[in-house]
Structure formats: structure tokens, C-alpha cells
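Structural description and commentary
So you can see what is in the structure, the chains are spelled out below.
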Amino acid sequence: QMSNGSSITEFLLLAFADTRELQLLTFWLFLGIYLAALLGNGLIITDVACNHRLHTPMYFFLLNLSLLDLGSISTTVPKAMANSLWDTRAISYTGCAAQVFLLFFLVGAEYCLLTMMAYDRYVAICHPLHYGTLLGSRACVRMAAAAWGSGFLYAVLHTANTFSLLLCKGNAVDQFFCEIPQILKLSCSDSYLREVGLLVVTVCLVSGCFVFIVVSYVKILRAVLRIPSVQGQHKALSTCLPHLAVVSLFVSTAMFAYLKPPSISSPSLDLVVAVLYALVPPAVNPLIYSMRNTELKNAL
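Treat the numbers as computed from the prediction; the structure is a model and nothing was measured.

1. Focus on the environment of Gly40
- By the secondary structure assignment, Gly40 is in helix 1 (residues 20–50).
- Looking at Gly40, the relative accessible area reads 16%, which means it is buried.
- Separated by 247 residues in sequence, Gly40 and Leu287 have C-alpha atoms that sit 6.9 Å apart.

2. Some thoughts on the side chain of Ser66
- Here Ser66 lies in helix 2 (residues 57–86).
- Overall, the relative accessible area of 2% leaves Ser66 in the buried class.
- Sequence-distant contacts of Ser66, defined by excluding residues within four places in its chain, comprise Asn41, Ile44 and Ile45.

3. A short note on unusual backbone geometry
- For Asp87, which is not glycine, the phi torsion reads 55° and is therefore positive.
- Checked against the element boundaries, Asp87 lands in the loop between helix 2 and strand 2 (90–92).

4. With respect to the pattern of salt bridges
- Using the criterion set out here, one finds two salt bridges in the structure.
- The partner of Arg121 in a salt bridge is Asp120, with the nearest N and O atoms 3.1 Å apart. Taken as a pair, Arg121 and Asp120 share a single burial class, namely buried.
- Where Lys185 meets Asp270, a salt bridge forms, and the shortest distance between an N and an O atom there is 3.8 Å. Here Asp270 lies in helix 9 (residues 267–291) and Lys185 lies in the loop between helix 6 (180–184) and helix 7 (192–224), a separation of 85 residues in the sequence.

5. So, the UniProt feature "transmembrane region" (unreviewed entry) in the chain
- Per the UniProt record, "transmembrane region" (unreviewed entry) is found at residues 25–46, 58–77, 97–119, 139–157, 196–218, 239–259 and 271–289.
- Taken as a whole, residues 58–77 contains 100% helix and 0% strand, while its terminal C-alpha atoms sit 28 Å from one another.
- With 100% helix and 0% strand, residues 271–289 has end C-alpha atoms that lie 26 Å from one another.

6. Observations concerning a nonpolar patch on the surface
- Nonpolar side chains collect at one region of the surface, where Leu39, Leu43 and Leu300 lie side by side and expose about 310 Å² of accessible area between them.
- Mapped onto the fold, Leu300 is located in the segment after helix 10 (294–299).
- On the basis of relative accessible area, Leu300 is assigned to the exposed category, the value being 56%.

7. Thoughts on the environment of Arg194
- Relative to the elements of secondary structure, Arg194 occurs in helix 7.
- Among the residues examined, Arg194 registers a relative accessible area of 47% and is labelled partly exposed.
- The spacing of Arg194 and Ala90 is 104 residues in sequence and 27 Å in space, taken between C-alpha atoms.
- Residues contacting Arg194, with those up to four places away along its chain left out, are Asn161 and Ser164.

8. Description of the state of the cysteines
- In this structure the tally under the stated criterion is two disulfides.
- Cysteine pairing for the chain, with bonded cysteines counted in sequence order: 1-3, 2-4.
- Sulfur of Cys112: no disulfide; nearest cysteine sulfur belongs to Cys209 and is 5.8 Å away.

9. What to know about the nonpolar core
- Core analysis: the biggest nonpolar cluster contains 82 residues, and Phe11, Leu62 and Tyr277 have the highest contact counts within it.
- For this core, the secondary structure elements donating two or more residues are helix 1, helix 2, helix 3 (93–126), helix 5 (137–162), helix 6, helix 7, helix 8 (230–259) and helix 9.
- It is helix 3 that contributes the most residues to this core, 19 residues altogether.

10. Details of the packing of helix 2 against helix 3
- Taken N-terminus to C-terminus, the directions of helix 2 and helix 3 make an angle of 155°; their axes are 9 Å apart at the nearest point. Here helix 3 runs roughly antiparallel to helix 2, going by the angle between their axes. The two elements helix 2 and helix 3 meet at a crossing, and its hand is left-handed.
- Here the residues of the contact of helix 2 with helix 3 sort into 15 nonpolar, six polar and five charged.

11. So, the packing of helix 1 against helix 2
- Where helix 1 meets helix 2, the closest approach of the two axes is 9 Å, and the angle between their N-to-C directions is 160°. When the axis of helix 1 is compared with that of helix 2, the two are roughly antiparallel. The hand of the helix 1/helix 2 crossing is left-handed.
- Split by residue class, the contact of helix 1 with helix 2 holds 23 nonpolar, six polar and two charged.

12. Comments concerning helix 2
- Between its terminal C-alpha atoms helix 2 stretches 44 Å, which fits the 44 Å expected from 30 residues at 1.5 Å a residue.
- At Ser74, helix 2 is deflected by roughly 35°, the largest bend along its length, and proline Pro78 occurs up to four residues later in sequence.
- Within helix 2, 21 of the 30 residues are buried, which leaves the element mostly enclosed by the surrounding structure.
- Directly after helix 2, the chain includes Asp87, whose backbone phi takes a positive value near 55°.

What counts and how
Per chain, residues are indexed from 1 in the order of the written sequence. Per-residue local features are limited, in this predicted model, to residues with pLDDT of at least 70; the limit for side-chain atom pairs, both in listing and counting, is 80 or more; totals at the level of whole chains, interfaces and linings are taken over all residues. To obtain the side-chain values, all non-hydrogen atoms of the structure were included, while hydrogens and water were left out. Secondary structure counts use DSSP, requiring at least four H or I residues in a row for a helix and at least two E residues in a row for a strand, with both numbered from the N terminus. Only protein chains enter the calculation, and the probe is 1.4 Å; a residue is then buried if its accessible area is under 20% of its type maximum, exposed if over 50%, and partly exposed in between. Here, two residues are considered to be in contact whenever any of their heavy atoms come within 4.5 Å of each other. Throughout this description, the term salt bridge denotes a Lys or Arg side-chain nitrogen within 4 Å of a carboxyl oxygen of Asp or Glu. UniProt positions are given in the numbering used here, feature names are shortened, and annotations may be inferred rather than shown by experiment. Residues forming no salt bridge and having over 30% relative accessible area are the ones grouped into patches, like charges within 9 Å of each other and nonpolar side chains (Val, Leu, Ile, Met, Phe, Trp, Tyr) within 5 Å. Accessibility throughout is a Shrake-Rupley quantity obtained with a 1.4 Å probe, and a residue counts as covered only by protein chains that appear here. Any two cysteine sulfur atoms within 2.5 Å of one another count as a disulfide. Put simply, buried Ala, Val, Leu, Ile, Met, Phe, Trp, Tyr and Cys residues joined by side-chain atoms within 4.5 Å make one nonpolar core. For helices, the fitted axis covers only the stretch in contact; all axes are lines through C-alpha atoms, and the angles between them, taken along N-to-C directions, range from 0 to 180 degrees. Here the word oblique covers every angle except those under 35 degrees (roughly parallel), over 145 (roughly antiparallel) and from 65 to 115 (roughly perpendicular). Note: crossing handedness is left-handed where the near helix turns anticlockwise from the far helix by less than a right angle, and right-handed where it turns clockwise. Each residue receives one of three labels: charged for Asp, Glu, Lys and Arg, nonpolar for Ala, Val, Leu, Ile, Met, Phe, Trp, Tyr, Cys and Pro, and polar for the others, Gly being one of them. A helix is expected to reach a length of 1.5 Å times the quantity of its residues less one. Note that bend, as reported per residue, equals the angle between axes fitted to the 7 residues terminating at that residue and the 7 residues originating from it.

Following this line, the structure appears as C-alpha cells:
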């Protein structure tokens with residue numbers, strides 16, 4: 001019945017645990033992470049939307065980031081929670097395609113947005129006098145739209161490519177959500193190399209953005225160290241270093257997940273890496289951005 005791709009009607013996701021107790025423990029753990037992400041991002045969205053003092057480019061991008069974080073964690077976690085709770089592993093073919101599409105869309109857009117946030121900080125700290133002209137409200141809306149649009153384009157490309165493959169090696173996906181590298185393992189034709197090529201191109205683009213972010217921060221650091229007051233230095237660094245930490249974790253784990261050779265692939269390693277790039281940033285971002293930010297705390 002698995003002779004051609006179209007006959008697969010559902011995929012089987014990775015089961016976290018064999019015993020009922022462990023399954024329920026997984027459910028509560030995921031619920032905790034999910035609620036933390038909902039609460040943190042929800043507070044930032046409400047805060048920025050309702051507080052006129054926070055209607056600046058930096059907070060506008062932060063609002064978009066929180067929306068993307070909410071979307072991306074809602075793509076993977078609720079289904080995994082439901083599976084743990086109802087003791088099942090199934091996800092429909094359409095559901096799987098939807099997960100791949102949404103994850104690529106939201107994560108791709110988020111990464112573009114993180115790049116723009118680095119640019120925003122760079123202009124604010126290194127060229128404060130040009131800030132108003134370079135990052136007016138129109139420019140910000142255009143930049144955000146470009147981020148969402150790029151994510152959408154990426155997602156269409158990767159999803160169409162992956163789900164046009166012939167899958168003949170069963171239907172078990174070694175991950176708690178539908179992830180492209182795991183689906184490629186089920187393919188039996190050489191056409192999967194096309195998707196691998198596309199992933200490599202994506203990684204090159206991601207690396208380009210990452211270099212841009214790092215260069216922006218190096219310039220910011222040099223400018224900050226010239227600030228005479230220690231308080232001024234602290235304020236500038238407290239918005240920049242956490243951002244860099246989030247981006248580094250996100251990029252390194254995502255690249256590892258999508259580029260590592262199959263020989264070093266093990267279910268537990270894949271799982272840890274997926275949790276680090278798919279679950280940790282959405283849950284931790286609000287904490288990182290708001291803990292160090294007095295304006296947000298005051299608004300809250």
C-alpha cells in the first residue's frame with residue numbers, strides 16, 4: 001500500500017514515551033512550555049498594542065516577533081500534546097504538510113525579522129540622528145511585510161518540493177512534528193536531492209543574514225564602548241546581547257538539524273535539537289526581551 005507517495009494518508013510521529021505515566025509527564029511538560037510562551041508573547045503583544053509610548057520601530061518589530069513566536073509554537077506543540085494525551089502517534093497527510101508549511105513560513109519570517117531588528121538597533125545606536133528618516137513608520141511596515149512575505153515564499157517552495165516526492169520507506173517520522181529532513185528519509189527516488197539543494201541554498205541565505213547580524217552587533221559594541229557613562233553602556237548592551245544569544249542558539253540548532261549527515265542522526269539527538277530551535281526561542285524570547293527592558297516592564 002506504500003508503493004507510491006499519494007497512497008500515504010497519514011504519518012506516524014515520534015512517540016515520546018512507552019509508558020502512560022511518561023506520556024502524561026510529557027503532556028504536562030509541553031503544556032507548561034506552551035502556556036509560558038502564550039503568556040509571555042501575549043503580554044508583549046497586548047503591552048505594545050495598548051501603550052502609545054511603545055509605538056516605536058523597536059517595539060513594532062518586537063510585536064511582530066511575538067506574533068510569529070506564538071504561531072510557530074502553536075504549529076508543533078498542541079498536536080504533540082494531543083498525541084501524548086490520547087496515546088496516539090498519527091497525523092494526517094494534510095496535517096503534516098500544513099505543519100511543514102506553517103513552520104517554514106513562521107520561522108523563515110522570524111529570522112528575517114531578527115535580521116531587521118539588528119539593523120534597527122544598529123541605526124538607533126550608531127546613527128541616532130538618521131533614525132527617524134531611515135526607520136519611519138512606512139519603512140517599518142514595509143520591512144515587516146517583506147519578512148512575512150519571504151517566509152511565505154520559502155514555505156511554498158519547500159512544502160511543494162517535499163510533498164511532491166515519492167515516499168516508499170514507510171510513514172514513520174522520527175520527530176514529534178513533521179520536519180523536512182525526517183520526511184526526506186522516507187523518500188526512495190533521487191528527486192529528494194532537489195530539496196536537499198534547496199535546503200543548502202536556504203542555509204547560505206541564513207548564514208548571510210547571520211553574518212549581517214553579527215557585523216551589526218560588532219559595530220554596535222564598538223559604538224557602545226565609546227559611550228562615556230556606564231549606565232548608557234549598560235542600557236545599550238542589555239537590549240543587544242540577549243538578541244544575539246537568541247539568534248545564535250536558533251541558527252546553530254536549526255542548521256544542525258537540517259545539515260547534519262544521516263550517520264550522526266539518532267532519535268534522541270534529533271529530538272533535543274528540535275526542542276532547541278522550535279520550542280525554546282518562542283518560550284524564552286519574551287523573557288529575554290522584557291526582563292532586560294525597563295520601558296516594557298514599566299508598561300506592564
